[in-house]
Amino acid sequence: MDKKKWLVLLIISLLLVFTCGYVLTLGSVEITYKEIGNILLHRLGLNDLQVSRTAQVIIEKVRFPRIIMALLVGSTLATAGVGMQALFQNPMADPYIIGISSSASFGAVLAFTLQLAPGYYGVFAFVLSLITASILYMFSKVGKKSSVTILLLMGIGLSALYGSITSFMIYFAGEDSFSVIVWLMGYLGDATWQKVGLASIPIILGILVINFFARDLNMFLTGEEEACYLGVNVELTKRIILGISTLIVSISVAYGGIIGFVGLVVPHIFRLLIGNDHRILLPLSSIGGAFFLLISDTVARTIIAPTEIPIGIITSATGAPFFIYLLLRRRRVML
Amino acid sequence: MRKLRRFGLGLALIFTLVLGFASGSFALEISTDGMLIDDLDREIQMTNVSRIISLEPAITESLYFSGHFDKLVGVAKAAMSGNWPAEVDEIESVGDIQNVNVEKVVDLKPDLILGSGMSRKGLDQLAELGYRTAYVDPESIEEVIDNLLVYGAIFNDTQQAEQEIAKLTDLLEEVEGNIEVKEPKTAIFLYNLKPVMAFGDGSIPDQVLALAGLNNVARDIAGNNPTFSIEKLLDLDPDYIFFAMRAKSGLEEMKDNPLWNELTAVKEGHCLIPPTEHVLRPTPRLIYGIYEINQSIYQ
């Protein structure tokens, strides 16, 4: 592996840290670096608090957890995207591919129909995604092996079924169905430290494990059979990547709704830039996804502050033109 | 980033302007030659009107207040909020506001169909079938009350409408008298929590708050009914928080996000969940809602 690629990784990571610091100052309420510094030093017990209580709460309990949540969700989606694309050997695969987006929507709308508080949308979405993924996986087994084709097709079938029930419920939800619809468009604004705490451990571990399988995923690119000849335990790898991706993507859905585009396009952008070696593609996508979602969320909450825009709109609106530009420039060296 | 933000602000401004022009503001009235002019400035012939269908609970209620409830042969009902008065149940249903059953309407042979924002689709469909339809979408509480006289005029009998208006005016005067002697409080009216959305400048709930003597802190946020960050809510920190529609679960939701406990209104228990139809639905019942809010806060 050449050193240049690791240098790129290091630079992006550093850039990410500085960006986090910068976006901490942005928002509908103006808070300066000096005030943030004061709040941090106060937390460390080094000086007295000189800022207002509101500023302290906003930095410590609103912006900080939200930024961390954006990083976690972005990283999850991009990493799972890389994994799914390699596993399915299909550039169209995204982290929501095996029925997660439709089962998550179904879960959220079900919670909404049952008149539960919005806090339950995420819980229902999470549980239903996991149930769906388990069903799909169980039924995609042909003999001892699981068939990727059957998995995908079953996913499409179940999605259509869920979709019809979801549409039915929204149609009869009456006047305030917008409430669940805006939630489904993606929302990171209610992140708290408690949620970050719950989400971070499985997500970070999951991303690390997927990164650990980079070499195996490289061999998958040549086809399942060839990977097997090259010494990869195909069944186990498939099971682990699928299981972990589904778990962490479901967690991200529970806390952020369905945020399109990140998992599909961030990996492709890096593929176009640095090629298909998963040993560098995976870590770059993990960090790049976090970066991309952090920027998108910042734009979503500041561009017409104090009004917010659903984050899904921003991810597509900013990512798509860049992606198309890259594609047009590099179409000759595609996959 | 600053450039981006300026661009965004420009965009928001253009939107506001376009929307402002597009919605226009025409009030319901009866012209000198006896035509009904609706809120889209269309003229509708008013001869021989005896069978009415209302596609909007607000219109149904207003007809009740104007004393012409008996002319209703069909109503569309609200799916989520309550329907009033109880006699509504005795009238034939033509579906709910958003999903009007056209065949049912045709079957009832109405002379006039009244509808509004959410039932617009059904109303337009019926207009194409050749029915006399009127779009009634009052933008202010004043218009809501004036409309009682228009309904009366359609049937050449404004007596009950006048009596009701006198009663409502008395209530409003009492409220006003109550406000004058008190220090004004601030409030916000949320209708969604994830994300946080509030009723903004000019909306009916905004007018309800104003008439009840409260300053709506969401007025300065761009957009009619803006979505905004919870940090802005912490910054605005109103004395009172009202919850409606899906935000009704607000009190439960607070347990999910302890941030809410930083708000003055939550700390002091100043969270109110008024009945939807007293604060959202453009009917004379708003005045009773205003009266109750005013009483509970300034008494």
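Bear in mind the structure is a predicted one, so any value in this text is a computation, not a measurement.

Attention shifts here to the overall build of chain B. When you go through chain B residue by residue, the secondary structure sums to 12 helices and 15 strands. Counting all 299 residues of chain B, 45% fall into the buried class. Sequence separation of at least 24 residues holds for 58% of the intrachain contacts in chain B that already meet a minimum separation of 6.

Take the interface of chain A and chain B next. Between chain A and chain B, the residue contacts involve 30 residues of the former and 39 residues of the latter. Those elements that provide at least two residues to the side of chain A that touches chain B are α3 (53-88), α7 (178-184) and α13 (278-302) of chain A. If you tally residues by element for the side of chain A that touches chain B, the top one is α3(A), at 6 residues. Partitioned by chemical class, the residues of the side of chain A that touches chain B number 13 nonpolar, 10 polar and 7 charged.

Across the junction of B:Trp84 and B:Pro85, the peptide omega takes the value -10°, indicating a cis bond. Secondary-structure assignment places B:Pro85 in the loop between β5 (72-77) and β6 (92-96). A positive phi angle, near 80°, is found at A:Phe261, a position not held by glycine. Along the polypeptide, A:Phe261 turns up in the loop between α11 (234-256) and α12 (262-274). We note that B:Asn48 has phi near 50°; this positive angle belongs to a residue other than glycine. In this fold, B:Asn48 is placed in the loop between β3 (43-44) and β4 (52-54). We classify B:Asn48 as exposed; it has 8 C-beta atoms within 10 Å.

With that settled, the discussion passes to the sheet that holds strand β1 (residues 29-30) of chain B. Residue and element names in this part refer to chain B. Ordered by their spatial adjacency, 3 strands build an open sheet running β1-β2-β3, and the pairing between neighbours is antiparallel. At either margin of the open sheet sits one strand with a lone partner, and together these are β1 and β3. As judged from the 2 bridges shared by strand β2 (residues 36-37) and β3, these two strands associate in the antiparallel manner. Bridging across to β3, Ile37 finds its partner in Glu43.

Residue and element names in this part refer to chain B. As assigned here, chain B comprises domain 1 (22-157) and domain 2 (175-298). Domain 1 and domain 2 are separated by 29 Å when their C-alpha centres are compared. Opposite the 14 residues of domain 1 that make contact, domain 2 presents 10 residues. Looking at the side of domain 1 that touches domain 2, the elements that each hand over two or more residues are α2 (57-65) and α5 (141-154). Considering each element in turn, the side of domain 1 that touches domain 2 owes the most residues, 5 residues, to α2.

On any regular strand, side chains alternate: one points to one face of the sheet, the next to the other face. Residue and element names in this part refer to chain B. Note that β5 and β6 share 3 bridges and pair parallel. By the bridge assignment for β6, Lys77 is matched with Asp96. Pairing between β6 and strand β7 (residues 99-100): 2 bridges, direction antiparallel. The partner of Asp96 across the bridge, within β7, is Asn99. The turn joining β6 and β7, which pair antiparallel and follow one another in sequence, is formed by 2 residues.

Glancing now at the sheet that holds strand β8 (residues 112-115) of chain B. Residues and elements named next belong to chain B. Taking strand neighbours across the sheet as the criterion, the 6 strands line up as β7-β6-β5-β4-β8-β9 in an open arrangement whose pairing is mixed. If you trace the sheet from one side to the other, it starts and ends with β7 and β9 (133-135), each paired once. Here β8 pairs with β9 via 3 bridges, running parallel. Bridging from a neighbouring strand, Ile113 pairs with Thr133 of β9. Running at roughly 140° to β5, α2 makes contact with β4, β5 and β8 of the sheet. Contacts from helix α4 (residues 120-128) reach β7, β8 and β9, with the element oriented near 155° to β8.

What follows deals with the pairing of β8(B). All names here are of chain B. The side-chain alternation of β8 yields two buried faces, one formed by Leu112 and Leu114 and the other by Ile113 and Gly115. In the sheet, β4 pairs with β8 via 3 bridges, with the strands oriented parallel. Among the inter-strand pairings, Ser54 is bridged to a residue of β8, identified as Leu114.

Another aspect to go through is α5(B). Residue and element names in this part refer to chain B. With 14 residues, α5 extends 21 Å from end C-alpha to end C-alpha; this agrees with the ideal 20 Å at 1.5 Å per step. Of all the positions in α5, only Ile141, Val144, Ile145, Asn147, Leu148, Val150, Tyr151, Gly152 and Ile154 are classed as buried. Next to the buried residues of α5 lie β1, β2, α2, α6 (159-180), α7 (204-211) and α12 (285-298). Where α5 terminates, the next one or two residues include Asn156, which has phi positive at roughly 55°.

Quick look at the environment of B:Arg42 now. Relative to the assigned elements, B:Arg42 resides in the loop between β2 and β3. C-alpha separation for the pair B:Arg42 and B:Leu28, spaced 14 residues apart in sequence, amounts to 9.8 Å.

Reading guide: rules and limits
- Residues numbered from 1 in each chain as written.
- Chains lettered and ligands numbered in written order.
- Predicted model: local features only at pLDDT ≥ 70, side-chain atom pairs only at ≥ 80, totals over all residues.
- Helix = DSSP H or I, 4+ residues; strand = E, 2+ residues; numbered from the N terminus.
- Buried ≥ 20, exposed ≤ 12 C-beta atoms within 10 Å, placed from the backbone.
- Contact = placed C-beta atoms within 7 Å.
- Nonpolar A, V, L, I, M, F, W, Y, C, P; charged D, E, K, R; others polar.
- Pairing = 2+ DSSP bridges.
- Domains from an automatic or database assignment.
- Axes fitted to C-alpha atoms, helices over the stretch in contact; angles between N-to-C directions.
- Expected span 1.5 Å × (residues − 1).

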